[in-house]
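Structure at a glance
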Amino acid sequence: MPDWFNHLMQLLALPEFGLSTVFVVAFVSATLLPMGSEPAVFGLIKLNPELFWPAILVATAGNTLGGAVSWAMGLGAHKAVDKARGHHVDVRALAWLERFGPKACLLSWLPVVGDPLCAVAGWLKFPFWPCVLYMAIGKFARYLTMTAALLWFFPGAYQG
């Protein structure tokens, strides 16, 4: 990995950055970059149990905004392809996804396929705000479930 990326990751790992680090890591991990934010959320909560709900909400916000950026990238890619070809691209292979519409963004929490799903929602020109709402619901449920499960498997300092 490039040195600047390693330096950035070391900087973000410092505990004094707390919620802002969780936000940045959650945001970046919602893009198409292969990165998980659950360890950052779990680590912060283990170090600062009183930040359970703030960490879940900040991670949800960061991850949802990252998903919104992916949505916009998908829309931009669609427009660029349409412009380059001089006509509208018919995406028949994704017809099943179109059936669900923005509700498909509830699945944006899934590993591997969730983040590209946000970009596909933009590509398919699903309405932005309903997509963001469904992304937020799915991502909130993931952070709540994953963090609670990790705290259950690795008990210790948390006194909820």
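This is a predicted model, so every value here is computed, not measured.

Taken over all residues, the pLDDT of the protein has a mean of 84, while the share at 70 or more is 83%. Confidence, expressed as mean pLDDT per element, reaches its minimum in the protein at helix α1 (residues 3–12) with 65 and its maximum at helix α7 (residues 128–153) with 94.

Helical periodicity: at 3.6 residues per turn, an α-helix aligns residues three or four positions apart in one direction. Most of helix α6 (residues 114–123) is tucked away: 8 of the 10 residues are buried. Within the sequence span of α6, burial applies to Gly114, Asp115, Leu117, Cys118, Ala119, Ala121, Gly122 and Trp123. Positive backbone phi, approximately 60 degrees, marks Lys125, located one or two places after α6.

Looking now at the environment of Ala121. Along the chain, the position of Ala121 falls in helix α6. Classification of Ala121 as buried rests on a relative accessible area of 1%. A sequence separation of 19 residues divides Ala121 from Pro102, and the C-alpha atoms of the two residues are 7.1 Å apart. Among all residues touching Ala121, those that are not within four sequence positions of it are Trp71, Cys105, Phe126 and Cys131.

Summed over all chains, the structure comprises 7 aromatic pairs. Arranged with centres 6.5 Å apart and planes meeting at 20 degrees, the rings of Trp53 and Phe140 form a pair that is stacked. On the criterion of sequence distance, the pair formed by Trp53 in helix α4 (residues 52–85) and Phe140 in helix α7 is long-range, its members being 87 residues apart. For the ring pair Trp71 and Phe128, a centre distance of 5.0 Å and an interplane angle of 65 degrees mean the geometry is edge-to-face. Of this pair, Trp71 sits in helix α4 while Phe128 sits in helix α7, placing them 57 residues apart in sequence. Here a set of aromatic residues connected by ring pairs shows up, and it is made of Phe52, Trp53 and Phe140. One residue, Arg142, lies across the ring of Tyr143, its end atom 4.4 Å from the ring centre.

Before going further, it helps to examine a nonpolar patch on the surface. Nonpolar side chains collect at one region of the surface, where Leu106, Leu107, Trp109, Leu133 and Ile137 lie side by side and expose about 440 Å² of accessible area between them. Here Leu107 shows up in the loop between α5 (95–100) and α6. Since its relative accessible area comes to 42%, Leu107 is described here as partly exposed.

Here we take up unusual backbone geometry. If you check the backbone angles, Val112 has positive phi at about 70 degrees while not being a glycine. Its location among the elements puts Val112 in the loop between α5 and α6. Unlike most non-glycine residues, Lys125 shows phi in positive territory, near 60 degrees. For Lys125, the location among the structural elements is in the loop between α6 and α7.

Turning to the nonpolar core, a few remarks are in order. Within the largest apolar cluster, 14 residues are counted, with the highest numbers of intra-cluster contacts made by Trp71, Leu97, Cys105, Ala121, Phe126, Cys131 and Met135. Of all elements in the fold, only α4, α6 and α7 reach the threshold of two or more residues within this core. At 4 residues, the largest contribution of residues to this core is made by α6. Phe126 has contacts with Trp71, Leu97, Glu98, Gly101, Pro102, Ala121 and Cys131, leaving out every residue within four places of it along the chain. Residues Val22, Val41, Phe42 and Leu151 belong to the second largest nonpolar core, which totals 12 residues.

Here is what the cut-offs are and how they apply
- Residues numbered from 1 in each chain as written.
- Predicted model: local features only at pLDDT ≥ 70, side-chain atom pairs only at ≥ 80, totals over all residues.
- Heavy atoms only, no water.
- pLDDT = per-residue confidence, 0-100.
- Helix = DSSP H or I, 4+ residues; strand = E, 2+ residues; numbered from the N terminus.
- Buried < 20%, exposed > 50% of the residue type's maximum accessible area, 1.4 Å probe, protein only.
- Contact = heavy atoms within 4.5 Å.
- Phe/Tyr/Trp six-rings, centres within 6.5 Å; stacked < 30°, edge-to-face > 60°.
- Lys NZ or Arg CZ within 6 Å of the ring centre and 35° of its normal.
- Patch = residues over 30% accessible without salt bridge, like charges linked within 9 Å, V, L, I, M, F, W, Y side chains within 5 Å.
- Areas by Shrake-Rupley, 256 points an atom, 1.4 Å probe, with all protein chains shown as cover.
- Salt bridge = Lys/Arg side-chain N within 4 Å of Asp/Glu carboxyl O.
- Core = buried A, V, L, I, M, F, W, Y, C linked by side-chain atoms within 4.5 Å.

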